[in-house]
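Residue strings, one per chain:
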Amino acid sequence: MKKVIMYVLLLLLLVMQINVPVSAETYIPSRVINLVYDDSGSMIRTDGIYVDTWCQAKYAMEVFAAMLGEKDTLNIYYMSDYVSGTTASPKVTLTGSTDSNITTNNVNTIHELVTDCSETPFNSVKKAYEDLKTVTADERWLVVLTDGEFNGTENSTVENHFHEY
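Rules behind the numbers
Counting restarts for each chain: residues are numbered from 1 in the order of the written sequence. The model is predicted, so local features are restricted to residues of pLDDT at least 70 and side-chain atom pairs to those at 80 or more, both for listing and for counting; the totals for chains, interfaces and linings are taken over all residues. Only heavy atoms go into the side-chain values, all of them from the structure, while hydrogens and water stay out. Comment: elements are numbered from the N terminus, with helices defined as DSSP H or I runs of at least four residues and strands as E runs of at least two. Summary of the burial criterion: residues with accessible area below 20% of their type's maximum are buried, those above 50% are exposed, and those between are partly exposed, where the area comes from a 1.4 Å probe applied to protein chains only. Throughout, a residue-residue contact means that at least one pair of heavy atoms, one from each residue, lies within 4.5 Å. The accessible surface values rely on the Shrake-Rupley method and a 1.4 Å probe; as for residues, cover is taken only from the protein chains in view. When DSSP finds at least two bridges between two strands, those strands are taken to pair. Each nonpolar core is a collection of buried residues, namely Ala, Val, Leu, Ile, Met, Phe, Trp, Tyr and Cys, held together in the definition by side-chain atoms within 4.5 Å. In this scheme, a helix's expected span is set at 1.5 Å multiplied by one less than its residue total. Side-chain rings of Phe, Tyr and Trp (the six-membered ring for Trp) are treated as a pair once their centres are within 6.5 Å; stacked means planes under 30 degrees apart, edge-to-face means over 60, and tilted covers the remaining angles. Both a distance and an angle decide whether a charge sits over a ring: NZ of Lys or CZ of Arg must be within 6 Å of the ring centre and within 35 degrees of the ring normal. Think of a patch as exposed residues, more than 30% relative accessible area, with no salt bridge, where like charges cluster within 9 Å and nonpolar side chains (Val, Leu, Ile, Met, Phe, Trp, Tyr) cluster within 5 Å. The salt bridge definition used is simple: a Lys or Arg side-chain nitrogen within 4 Å of an Asp or Glu carboxyl oxygen. In this tally, Asp and Glu contribute negative charge and Lys and Arg positive charge; neither His nor the terminal groups of the chain are included.

### Considering the overall build of the protein chain
Thought 1: The number of helices and strands found in the protein chain is five helices and six strands.
Thought 2: The helix and strand sequence of the protein chain, counted from the amino end, reads α-β-β-β-α-β-β-α-α-β-α.
Thought 3: Counting across all 165 residues of the protein chain, residues that qualify as buried make up 34%.
Thought 4: Of the contacts made within the protein chain by residues no fewer than 6 positions apart, 74% connect residues no fewer than 24 positions apart.
Thought 5: Just so you have it, the protein chain exposes about 10700 Å², and 56% of that area is on carbon and sulfur atoms.

Here it is, written out as structure tokens:
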């Protein structure tokens, strides 16, 4: 019995001395997030009362910016940029990184954005969706931060716009 225990101990010591390279590669998907931000007046003031909806939405965007991974891209579309159509580019494009300075800069970029108090055209959602269809990424997200109805679109027809695609 003592011999068996000695052999087991010797075997354990031998195994502990062998350096076996271990690969812990994990697959990290690429992700493009197109985020539509409602910068309309109702995000600041509703029924004559000032509200903080705009800062809640900006905080959500800051969280997205802080959590971007190294293969992530965040495109932010301000609704006010699409009152006249869908030709405008995203107001801001941020890329993720493992560098904490870049993450801090991304959050600061969002923090410094100004809310214009304009309208809520559905063109902004159409543009973000169309742009998303043209990118190559493992994951493609469409996020809309809004507090109400879109201008020029009845709520019952919003669903129909997506059925067109």
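### Observations regarding the pairing of strand S4 (residues 72-78)
Thought 1: Counting buried positions along S4 yields seven of seven residues, so the element is predominantly enclosed.
Thought 2: Of the two faces of S4, both are covered, the one formed by Asp 72, Leu 74, Ile 76 and Tyr 78 as well as the one formed by Thr 73, Asn 75 and Tyr 77.
Thought 3: In this sheet, S4 lies alongside strand S1 (residues 31-37) in parallel orientation, the contact comprising seven bridges. By the bridge assignment for S4, Tyr 37 is matched with Tyr 78.

### Details of the nonpolar core
Thought 1: Leu 35, Tyr 37, Met 61, Leu 74, Ile 76, Leu 94 and Ile 110 are the most contacted members of the largest nonpolar core, which has 17 residues in total.
Thought 2: The residues contacting Ile 110, other than those within four sequence positions of it, are Lys 58, Met 61, Glu 62, Ala 65, Ile 76 and Leu 94.
Thought 3: Formed by eight residues, the second largest nonpolar core is a distinct cluster that contains Val 36, Tyr 82, Val 125 and Ala 128.

### Quick look at helix H4 (residues 123-134)
Thought 1: A rise of 1.5 Å per residue sets the reference length of H4, with its twelve residues, at 16 Å; its end C-alpha atoms lie 17 Å apart and thus fit the reference within 8%.
Thought 2: When H4 is considered as a whole, its buried residues turn out to be Ser 124, Val 125, Lys 127, Ala 128, Tyr 129 and Leu 132.

### Looking at the packing of aromatic side chains
Thought 1: All told, the structure shown has two aromatic pairs when counted by the stated rule.
Thought 2: Geometrically, the ring pair formed by Tyr 77 and Tyr 82 is tilted, given 6.1 Å between the ring centres and 40° between the ring planes. Per residue, the accessibility class of Tyr 77 equals that of Tyr 82, and both read buried.
Thought 3: If you follow Lys 91 out to its NZ or CZ, it ends over the ring of Tyr 78, 5.0 Å from the centre.

### Brief notes about a nonpolar patch on the surface
Thought 1: A surface patch of nonpolar side chains, amounting to about 340 Å² of accessible area, comprises Tyr 59, Val 63 and Met 67.
Thought 2: For Met 67, a relative accessible area of 66% translates into the label exposed.

### What about the environment of Val 36?
Thought 1: Tracing the chain through its elements places Val 36 in strand S1.
Thought 2: With sequence-adjacent residues up to four places away left out, Val 36 is seen in contact with Tyr 77, Met 79, Ser 124, Val 125, Ala 128, Leu 142, Val 143, Val 144 and Leu 145.

### Some words on the side chain of Glu 62
Thought 1: With respect to the helices, strands and loops of the structure, Glu 62 is situated in helix H2 (residues 53-66).
Thought 2: No salt bridge is formed by the buried Glu 62. Its closest oppositely charged neighbour is Lys 58, at 5.6 Å.
Thought 3: Ignoring sequence-local partners within four residues, the contact set of Glu 62 consists of Val 107, Ile 110 and His 111.

### Things to note about the pairing of S1
Thought 1: Taken across its seven residues, S1 has seven buried, putting it largely inside the fold.
Thought 2: Side chains Arg 31, Ile 33, Leu 35 and Tyr 37 project from S1 onto one buried face, and the interleaved Val 32, Asn 34 and Val 36 project onto a second face that is buried too.
Thought 3: As paired strands, S1 and strand S6 (residues 139-145) are joined by seven bridges and run parallel to one another. Looking at S6, one finds that Val 36 is bridged to Val 144.

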